[in-house]
Amino acid sequence: MTNQFETNAIRTQTERTQFSEHSTPLYLTSSFVFDDAEDMRASFAEEKQKNLYSRFSNPNTSEFVEKLVQMEKAEVGYAFATGMAAVFSSFGALLNAGDHIVACRSVFGSTHSLFTKYFPKWNIETSYFKVDEPESIEGLIQPNTKILYAETPTNPAVDVIDLALLGEIAKKHNLLLLIDNCFASPYLQNPIDFGADLVIHSATKLIDGQGRVLGGAVVGNADLIREIYLFSRNTGPAMSPFNAWVLSKSLETLAVRVDRHCENALQVAKFLEDHPKVTTVKYPFLESHPQYEIAKRQMRLGGNIVAFQIEGGVEAGRKFLNAIRMCSLSANLGDSRTIVTHPASTTHSKLSISDRNEVGITDGLVRCSVGLESIKDILFDLNQALNA
Ligand SMILES: *Cc1c(COP(=O)(O)O)cnc(C)c1O
């Protein structure tokens, strides 16, 4: 295989049947058959690499994982039913009671719930650093700290965290570095280049790209993935073959889609910067972004999420959403359809105001997942809603 991202995404085909089909068929089968007793024994003993049961592996999930492994320059991986199954199973497999996590304060809502509501049940505590205070990380590390965890760019405030710095700290303190790379996608950023041990994806977002299926994956170091695989084949969060088939197909077009997403998002960000009703705009590839230099170092392009602040607080945010005509009001992101959300009144409404402010969710903050419609139509809709 070459190093060409697009070529691998399209040309990687791990299975072909006796019918010589050009594109990979769907292997909707829960289990697999063996030639004889010896074949079955050897397969179960892992002396042969054979599919046994689709909770363990399936040709469709293996192909999807193989593509992702190549894109992220990882050793191996495992695919999950959802991004959260991937997040939970990684922690579940690698942590013991009494272990400690250091994580960025701005993480996906359900990941935050794992840290605050569920992991304490197993005596696993988490300490948090703020996105703009990475210098505080080393002070949070304890003798029982095992994992350093972050997302970048963050949700929904689109802050950028220095992956090279995280890699250095993890190495120095012998921590496992886990990066949720969902907002960047494997096309824009490869955390393993900066020292990450494992890269987690919600495939539901840019990887699917059309808001149809759920999925997740973890790729990285082979020994760690082995632990995660064994945990998962027993606990059962596997990706369905159908979703894997859809997502492997989606990866074929990831590069071209994400290129256009980023082109549209940069135009949206520049348009908003000049709009009188907008007080601030955050987009990693705008020079005004506080971590612009870091973003340029670690990302190919700026991604498809733009966060902006409307003058007038919560009420102005709600008014803006009500005036939107074409864009969707939806909780998803990374879709071909442009989506706007108002985190303060929806996804993050349960947080106290001070907690919201700490992760950059001000009352007038709007998150826009810029899609693939004509840029003229996207700008027209945002403009008329701002002026309404
Ligand atoms: C959506 C998302 C997840 C969870 O993925 P699901 O597929 O919805 O379970 C995790 N991390 C980030 C950054 C996300 O955006």
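In this text the structure is predicted, and so the values were computed from the model without any measurement. Along each chain, residues carry numbers from 1 onward, in the same order as the chain's sequence is written. Two thresholds apply to this predicted model, a pLDDT of at least 70 for residue-level local features and 80 or more for giving and counting side-chain atom pairs, whereas whole-chain, interface and lining totals are computed over all residues. Hydrogens are left out, water is left out, and the side-chain values use all remaining heavy atoms of the structure.

### Digging into the packing of helix 11 (residues 254–273) against helix 15 (residues 375–387)
Pairs of packed helices are described in terms of their axes, by the angle between the two and the distance that separates them.
Now for step 1: Angles run from 0 to 180 degrees between N-to-C directions of axes, and those axes are lines fitted to C-alpha atoms, restricted for helices to the stretch in contact. A run of H or I in DSSP counts as a helix once it spans at least four residues, and a run of E counts as a strand once it spans at least two, with each numbered from the N terminus. Following both chains from N to C, one finds helix 11 and helix 15 inclined at 30 degrees, their axes separated by 10 Å at the closest point. It follows from the interaxial angle that helix 11 and helix 15 lie roughly parallel. As for how helix 11 packs across helix 15, the hand of that crossing is right-handed. Together, Asn264, Gln267, Val268, Phe271 and Leu272 of helix 11 and Ile375, Ile378, Leu379, Leu382, Asn383 and Leu386 of helix 15 make up the contact between the two elements. Oblique is the label for any angle not under 35 degrees, not over 145, and not in the 65 to 115 range, which are roughly parallel, roughly antiparallel and roughly perpendicular in turn. Whether a crossing is left-handed or right-handed is set by the direction in which the near helix is turned from the far one by less than a right angle, anticlockwise for left-handed and clockwise for right-handed. Contacts were defined at the residue level, with two residues in contact if any of their heavy atoms lie within 4.5 Å.

### Quick word on the pairing of strand 9 (residues 305–310)
Now for step 1: Only protein chains enter the accessibility calculation, which uses a 1.4 Å probe; a residue is then buried when its area is under 20% of its type maximum, exposed when over 50%, and partly exposed in between. Extensive coverage of strand 9 is indicated by the burial of six of its six residues.
Now for step 2: Residue alternation in strand 9 divides its side chains into two sets, Ile305, Ala307 and Gln309 and Val306, Phe308 and Ile310, and both sets are buried.
Now for step 3: Where strand 8 (residues 278–282) and strand 9 come together, four bridges link them in antiparallel fashion. Looking across to strand 9, one finds that threonine 280 is bridged to glutamine 309.
Now for step 4: When strand 9 meets strand 12 (residues 365–369), the two strands line up antiparallel, connected through five bridges. Note on strand 12: the bridge partner recorded for glutamine 309 is leucine 365. Two strands are said to pair when DSSP picks up at least two bridges between them.

Coordinates in, geometry out; function isn't part of it.
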